[in-house]
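Observations on the model geometry
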Amino acid sequence: MDFYLLAFILITTIGLIISYIYFMREKREKLLAVTNGICPKCHKPTVEIIDQRGGGCSGTKMITFKCRECKYTDTFHIDGGSCSSGGCQI
């Protein structure tokens, strides 16, 4: 009985970790496309920033992008870094 519970927990944990890795990889690819000005959904250069919140150059920024063409919207939380390291580019 204990072996089955341990196996279940182990399989569930491994599955969650793998799912999170794939989710973060997909999110990174979308962010890369958006920072280049290309919509990840329709692949056209029609992405614009519609909302930006954060603590200046230091801390995390919450940036919302929207595609003018297909109305795709996504929000990213980006580490601002510092102004001297070029962290205020977006």
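Residues numbered from 1 in each chain as written. Predicted model: local features only at pLDDT ≥ 70, side-chain atom pairs only at ≥ 80, totals over all residues. Heavy atoms only, no water.

It is worth spelling out the pairing of strand S2 (residues 60-67) at this point. Note: strand S1 (residues 47-54) against S2, seven bridges, orientation antiparallel. Among the inter-strand pairings, Arg53 is bridged to a residue of S2, identified as Met62. Linking S2 to strand S3 (residues 73-79), which pair antiparallel, is a turn of five residues; within it Lys71 sits at a positive phi near 65 degrees. (Pairing = 2+ DSSP bridges. Helix = DSSP H or I, 4+ residues; strand = E, 2+ residues; numbered from the N terminus.)

A few words on the sheet that holds S3. Read across the open sheet, the three strands follow the order S1-S2-S3; overall the sheet is antiparallel. Looking along the sheet, the strands with just one partner apiece sit at the ends: S1 and S3. The average undirected angle you get between the axes of adjacent strands in this sheet is 25 degrees. As defined by bridge partners, S2 adjoins S3 across seven bridges and the pair is classed as antiparallel. Considered in S3, the bridge of Ile63 is made with Phe76. The strands that helix H1 (residues 2-35) touches are S1, S2 and S3; relative to S3, the one it contacts most, it runs at about 95 degrees. (Axes fitted to C-alpha atoms, helices over the stretch in contact; angles between N-to-C directions. Contact = heavy atoms within 4.5 Å.)

As enumerated under the stated definition, the model contains five salt bridges in all. With a shortest N-O distance of 3.0 Å, Asp74 and Lys27 are connected by a salt bridge. With Asp74 in strand S3 and Lys27 in helix H1, this pair connects stretches of sequence that are 47 residues apart. Overall, Asp74 belongs to the buried group, its relative accessible area being 14%. When its relative accessible area of 24% is taken as the criterion, Lys27 is described as partly exposed. (Salt bridge = Lys/Arg side-chain N within 4 Å of Asp/Glu carboxyl O. Buried < 20%, exposed > 50% of the residue type's maximum accessible area, 1.4 Å probe, protein only.)

Time to look at H1. With 34 residues, H1 should reach 50 Å at 1.5 Å per residue; the first-to-last C-alpha distance of 49 Å fits that figure. Directly after H1, the chain includes Gly37, whose backbone phi takes a positive value near 85 degrees. (Expected span 1.5 Å × (residues − 1).)

Quick look at the packing of aromatic side chains now. All told, the structure shown has two aromatic pairs when counted by the stated rule. Ring centres of Phe3 and Tyr4 lie 5.8 Å apart, and the angle between their planes is 65 degrees; on these two criteria the pair is classed as edge-to-face. When sorted by exposure, Phe3 lands in the same class as Tyr4, which is exposed. Plain terms: the ring middles of Phe65 and Phe76 are 5.9 Å apart, the flat faces sit at 65 degrees to each other, and that makes the pair edge-to-face. Of this pair, Phe65 sits in strand S2 while Phe76 sits in strand S3, and the two are eleven residues apart along the sequence. Note on accessibility: Phe65 and Phe76 belong to one class, buried. (Phe/Tyr/Trp six-rings, centres within 6.5 Å; stacked < 30°, edge-to-face > 60°.)

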